[in-house]
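Inside the fold
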Amino acid sequence: MDIPLTLQGQKRVVIIGGGFAGLTLAKKLSPEYFQVVLLDRNNYHQFQPLLYQVATSGLEPSSISFPFRKIFQNKQNVFIRVAEVRKINSEQKYIETNIGNISYQYLVLANGAETNYFGNDLLQQNAFSMKSVPEALLLRNTLLQNYEEALVTNNEDERQSLLNIVVVGGGPTGVELAGALAEMKNIILPKDYPELNISGMNVYLSEAAPRVLNNMDKSSSDKAAGYLRYLGVTIITGASVQQYDGQTVSLSNGQTLNAKCLIWAASVKGAYIEGVNQELVLPNGRLKTNKYNRLGEQSDIFAIGDIACMTDDKYPKGHPQVAPVAIQQAKLLAKNLENLVLSKPLIPFQYNDKGSMATVGRNYAIVEMGRVKIRGFIAWCIWLLVHLMSIVGIKNRLLVFINWVWQYITYDQSLRLIIKAKEKETIVNHAHYTSHRIKMCKEVSRKGAKPPRIMN
Ligand SMILES: Cc1cc2nc3c(=O)[nH]c(=O)nc-3n(C[C@H](O)[C@H](O)[C@H](O)COP(=O)(O)OP(=O)(O)OC[C@H]3O[C@@H](n4cnc5c(N)ncnc54)[C@H](O)[C@@H]3O)c2cc1C
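Note that the structure is predicted; figures quoted are calculated from it, not measured. (Residues numbered from 1 in each chain as written. Predicted model: local features only at pLDDT ≥ 70, side-chain atom pairs only at ≥ 80, totals over all residues.)

Quick look at the overall build of the chain now. A tally of regular secondary structure across the chain gives 12 helices and 24 strands. Each principal axis of the C-alpha atoms in the chain carries an extent, and together these give about 85 × 65 × 45 Å. The proportion of buried residues among the 456 residues of the chain is 38%. Here the analysis covers contacts within the chain between residues at least 6 apart in sequence; of these, 62% occur between residues at least 24 apart. (Helix = DSSP H or I, 4+ residues; strand = E, 2+ residues; numbered from the N terminus. Buried ≥ 20, exposed ≤ 12 C-beta atoms within 10 Å, placed from the backbone. Contact = placed C-beta atoms within 7 Å.)

Quick look at the structure:
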């Protein structure tokens, strides 16, 4: 891979992944000591907490995505390459990617997590996940396409399963998504599809634990469940989804549901890259690090964010896989890498937990900050503010803010477009088809007959 040589006094830090962790680290590393190579399979950073709003047509994908090259326009020590990282060679200190190899002095794994289907292939084939902007867009297209198909089918059972949606996983993502889908059903769909009997549509939220938002206080969880029910969501707790064939959802309590759309927000696992010391890979795919995010006491490889698992008395299973952990670990690692270069002692990581929050539709959210618990409209305002301030770029913040205000006032948004990328080959075939049809038409009209009707 063609990267300029490091300047005198600089060490090369290769970062895999430009999510919250990788992006923050790349921003913080000083040009005095480091050349930074940031690798990501996408050319943009994505703000995952608002993916559900893209999937439910509340926000455009561009409002929550930001190109790396724009972010680092003024940072001369950062080199960006859009690449899929395939393998780490820790002995020779280089990594393999689809665009070539690159050597490193320090390597930082910030490649996050991916959807965990627990090895169930049929489920993986048929369920929808929501870990990236393209996945959220696929979900948006599918939901809208299902409504269109529900309108034209003559089969009542088919219509019912096209309208039904099952969200699996009652954590913040599942709760937020189910709330947004229920609001879409209550507010938008009756206006867009007056001919459809929307009351027949069901939004199910399925959670294996005894309650939704299981990591929050029981009273918060009860309030969230109450508000979801008020919006019309059917909550199923204490039963896990066993199988899904694209039509029938089978639950562990023997219940079955019919739905053409099942969204899997139940579990994630560390994103695997070959070559990592297998002894450090935990069953959930996360990488066991020491308290400096290092993979081994003397290693030149570090892991931060969702992929990393650092345990202590307070977090025996590792820190929660949330953005603040990723950002705080990245900031500290920037400092610690500098300390390494300057032969200073390293500082151990300590998570400063500022609390957790989840929103349930418009106007209602739950915020927990230590003993302080806020629910309702004020919590929703805090949720809005925190998310708005976390989005990269002033333009994006403004776009999201304007969208939210517009939705709030009008109860509507105009983003319900089914836009699918067209394959180059299809265009060629279409051109071939068109010229073939023109030839046929010319031939037929030359003979004085009517041109054939090709499409119904
Ligand atoms: C739908 C959803 C909602 C969420 N809501 C919240 C919330 O409200 N609050 C909160 O705090 N957290 C939330 N989270 C969790 C939060 O987004 C993650 O904790 C955070 O993104 C972790 O940051 P990261 O940098 O470790 O990983 P990520 O942000 O996932 O970034 C990983 C990056 O690595 C890249 N990558 C991965 N593998 C490779 C490879 N082999 N080669 C090249 N590039 C690669 C990916 O493209 C990606 O850009 C949510 C997550 C999801 C999915």
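Right, picking up where we left off after that structure.
Turning next to the pairing of strand β8 (residues 100-103). With 4 bridges joining them, strand β7 (residues 94-97) and β8 adopt antiparallel strand pairing. Note that in β8 the partner of I95 across the bridge is I102. The turn joining β7 and β8, which pair antiparallel and follow one another in sequence, is formed by 2 residues. (Pairing = 2+ DSSP bridges.)

On to the packing of helix α7 (residues 172-192) against helix α8 (residues 218-231), then. Contact geometry of α7 with α8 gives a least axis separation of 9 Å together with a crossing angle of 25°. Between α7 and α8, the interaxial angle falls into the category roughly parallel. Read as a crossing pair, α7 and α8 show a hand that is left-handed. Here V175, A178, G179, A182, E183 and N186 of α7 come into contact with α8, specifically with A224, L228 and L231. Of the residues assigned to the contact of α7 with α8, the class counts are 6 nonpolar, 2 polar and 1 charged. (Axes fitted to C-alpha atoms, helices over the stretch in contact; angles between N-to-C directions. Parallel < 35°, antiparallel > 145°, perpendicular 65-115°, else oblique. Left-handed = near helix turned anticlockwise from the far one by under 90°. Nonpolar A, V, L, I, M, F, W, Y, C, P; charged D, E, K, R; others polar.)

Now for the sheet that holds strand β23 (residues 365-369). An order of β22-β23-β24 is seen for the 3 strands of this open sheet, with the pairing classed as antiparallel. At either margin of the open sheet sits one strand with a lone partner, and together these are β22 (356-359) and β24 (372-376). For this sheet the average axis-to-axis angle between neighbouring strands, irrespective of direction, equals 5°. Against the sheet, helix α10 (residues 377-390) touches β22, β23 and β24, its axis set at about 100° to β24.

The immediate surroundings of the ligand are formed by 33 residues, with G17, G19, G112, G305 and V322 found nearest. Of all elements in the fold, only α1 (20-28), β2 (34-40), α2 (51-55), α7 and α9 (323-341) reach the threshold of two or more residues within the shell around the ligand. Counted by class, the shell around the ligand contains 17 nonpolar, 11 polar and 5 charged residues. Counting residues domain by domain, the shell around the ligand receives three or more from each of domain 1 (11-41 + 83-115 + 269-341) and domain 2 (121-266). (Near = placed C-beta within 6 Å. Domains from an automatic or database assignment.)

We now examine helix α5 (residues 133-152). Across its 20 residues, α5 extends 29 Å between first and last C-alpha, which sits within 8% of the 28 Å expected from 1.5 Å per residue. For α5, the set of buried residues is V133, A136, L139, R140, L143, Y147 and A150. Burial along α5 is one-sided: seen end-on, the buried residues are contained in an arc of 130°. Away from the buried face of α5 by more than 90 degrees, exposed residues P134, E148 and V152 are located. Tucked into the core, α5 has its buried residues touching β3 (44-46), α2, β4 (65-67), α6 (156-163), α7 and β17 (261-264). (Expected span 1.5 Å × (residues − 1). Arc of directions from axis to C-beta.)

For L346, the position within the fold is in the loop between α9 and β22. When the C-alpha positions of L346 and L333 are compared, they lie 9.1 Å apart, and in sequence the two are 13 residues distant. Each residue touching L346, except ones within four places of it in the same chain, is listed here: Y292, N336, N339 and L340.

Taken together, the 3 strands give an open sheet; going across it, the order is β14-β15-β16, and neighbouring strands pair in antiparallel fashion. At either end of the open sheet lies a strand with only one pairing partner, and these are β14 (241-244) and β16 (256-258). Averaged over all neighbouring strand pairs, the angle between strand axes comes to 20°, with direction disregarded. As paired elements, β14 and strand β15 (residues 248-251) share 3 bridges and run antiparallel to each other. Looking at the pairing, Q243 lines up with S250 of β15.

Turning our attention to unusual backbone geometry. For residues other than glycine, phi is negative in most cases, and the peptide bonds are mostly trans. One non-glycine residue with positive phi stands out, namely S57, at about 65°. By the element assignment, S57 lies in the loop between α2 and β4. The class for S57 is partly exposed, based on 18 C-beta atoms found within 10 Å. Here N293, not a glycine, exhibits a phi torsion of approximately 65°, which is positive.

One can describe the packing of α1 onto α9 by two numbers: an axis separation of 8 Å at closest approach and a directional angle of 30°. In this view, α1 runs roughly parallel relative to α9, as classed from their interaxial angle. Helix-helix and strand crossings are classified by hand; for α1 and α9 the assignment is right-handed. Contacts from F20, A21, T24, L25 and K28 of α1 reach α9 at A323, A326, I327, Q329, A330, K331, L333 and A334. Class assignment for the residues of the contact of α1 with α9 results in 9 nonpolar, 2 polar and 2 charged.

Before going further, it helps to examine α6. Given 3.6 residues per helical turn, the α-helix brings residues three or four places apart onto the same face. By the burial criterion, the buried members of α6 are R159, S161, L162 and L163. Taken together, the buried residues of α6 touch α5 and β16.

Each assigned domain of the chain is listed here: domain 1 (11-41 + 83-115 + 269-341), domain 2 (121-266) and domain 3 (429-456). Each of domain 1 and domain 2 has a C-alpha centre, and these two points are 34 Å apart.

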